[in-house]
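Chain by chain, the residues:
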Amino acid sequence: VQLQAFGGGLVQAGGSLSLSCVASGRFYSINNMGWYRQAPGKERELVAAITSGGSTNYADSVKGRFTISRDDAKNMVYLQMNSLKPEDTAVYYCNYAVVRFGFNMAYWGKGTLVTVSS
């Protein structure tokens, strides 16, 4: 299973970006999908997650600004980021929890860089 993230880039503070992630390969189903980020010198942290039932969870720092959504028919997860701040600058990673060969497995994308200038 491979994950490919798209949509990073450079944006000014207050602007918006939309990230996408698509999975390819063989698996039975996708359970949770999520976006994490890692800023320079910091640990990777959860940004937002969405369950197979559509329940969402957000880091306090992005609540009200970011929206996560999924399209199971396309094996995709999205992150709409509005009102971006310089502290949102990080490499963003998508993460899928999939069922494969009867086992729950987690996969990571390679990451996409988001840079927010002040």
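Here, every reference points to the structure presented above.
Every value quoted in this text rests on a predicted model; they were computed, and no experiment measured them.

## A look at the pattern of salt bridges
- In this structure the tally under the stated criterion is five salt bridges.
- Two residues, Lys 63 and Asp 60, come together in a salt bridge whose shortest N-O distance is 3.1 Å.
- Of the residues examined, Asp 60 reaches a relative accessible area of 63% and is grouped as exposed.
- The partner of Arg 65 in a salt bridge is Asp 88, and the shortest N-O contact between them spans 2.8 Å. Here Arg 65, found in the loop between strand E6 (56-58) and strand E7 (66-71), pairs with Asp 88, found in the loop between strand E8 (76-81) and strand E9 (90-100); they are 23 residues apart in sequence, far enough to count as distant.
- Residue Arg 65 is classed as buried on the basis of its relative accessible area, which comes to 11%.
- Overlapping salt bridges bring together Arg 37, Glu 45, Arg 65 and Asp 88 as one network.

## Re the state of the cysteines
- Within the structure shown, the criterion is met by one disulfide.
- Here Cys 21 connects covalently by a disulfide to Cys 94, the sulfurs 2.0 Å from one another. What sets the handedness of the Cys 21 and Cys 94 disulfide is the S-S torsion sign, and at about 55° it is right-handed. Separated by 73 residues along the polypeptide, Cys 21 in strand E3 (residues 17-24) and Cys 94 in strand E9 bring together distant segments of the chain. The residues Cys 21 and Cys 94 share a single accessibility class, namely buried.

## Structural notes on the sheet that holds E3
- Taken together, the four strands give an open sheet; going across it, the order is E1-E3-E8-E7, and neighbouring strands pair in antiparallel fashion. Either end of the sheet is taken by a strand with one partner, and the two such strands are strand E1 (2-6) and E7. Geometrically, the sheet is characterised by an average inter-axis angle of 15° between neighbouring strands, direction not taken into account.
- Strand direction decides the pairing type here: E7 and E8, joined by six bridges, are antiparallel. Its bridge partner being in E8, Ile 68 is matched across the sheet by Leu 79.

## What to know about the environment of Val 1
- Tracing the backbone shows Val 1 in the segment before E1.
- What Val 1 contacts, discounting residues up to four positions off in sequence, is Ser 24, Gly 25, Arg 26, Phe 27, Arg 100 and Tyr 107.

## Considerations on the pairing of strand E11 (residues 112-117)
- Residues Thr 112, Val 114 and Val 116 of E11 are buried on one face, while the alternating residues Leu 113, Thr 115 and Ser 117, pointing to the opposite face, are not.
- Across three bridges, E9 lies against E11 in antiparallel orientation. Paired with Val 91 across the bridge in E11 is Leu 113.

## Re the nonpolar core
- The biggest cluster of nonpolar side chains holds 31 residues, and the ones touching the most others in it are Trp 35, Val 77, Leu 79, Met 81, Tyr 92 and Tyr 96.
- Of all the elements in the fold, those that place two or more residues in this core are E1, E3, strand E4 (29-38), strand E5 (45-50), E7, E8, E9 and E11.
- Broken down by element, the residue count for this core peaks at five residues, all from E9.
- With near-sequence residues (within four places) excluded, Val 77 lies in contact with Leu 19, Ser 20, Cys 21, Met 33, Trp 35, Ile 50, Ile 68, Ser 69, Arg 70, Cys 94 and Tyr 96.

Here is what the cut-offs are and how they apply
Residues numbered from 1 in each chain as written. Predicted model: local features only at pLDDT ≥ 70, side-chain atom pairs only at ≥ 80, totals over all residues. Heavy atoms only, no water. Salt bridge = Lys/Arg side-chain N within 4 Å of Asp/Glu carboxyl O. Buried < 20%, exposed > 50% of the residue type's maximum accessible area, 1.4 Å probe, protein only. Helix = DSSP H or I, 4+ residues; strand = E, 2+ residues; numbered from the N terminus. Disulfide = S-S within 2.5 Å. Pairing = 2+ DSSP bridges. Axes fitted to C-alpha atoms, helices over the stretch in contact; angles between N-to-C directions. Contact = heavy atoms within 4.5 Å. Core = buried A, V, L, I, M, F, W, Y, C linked by side-chain atoms within 4.5 Å.

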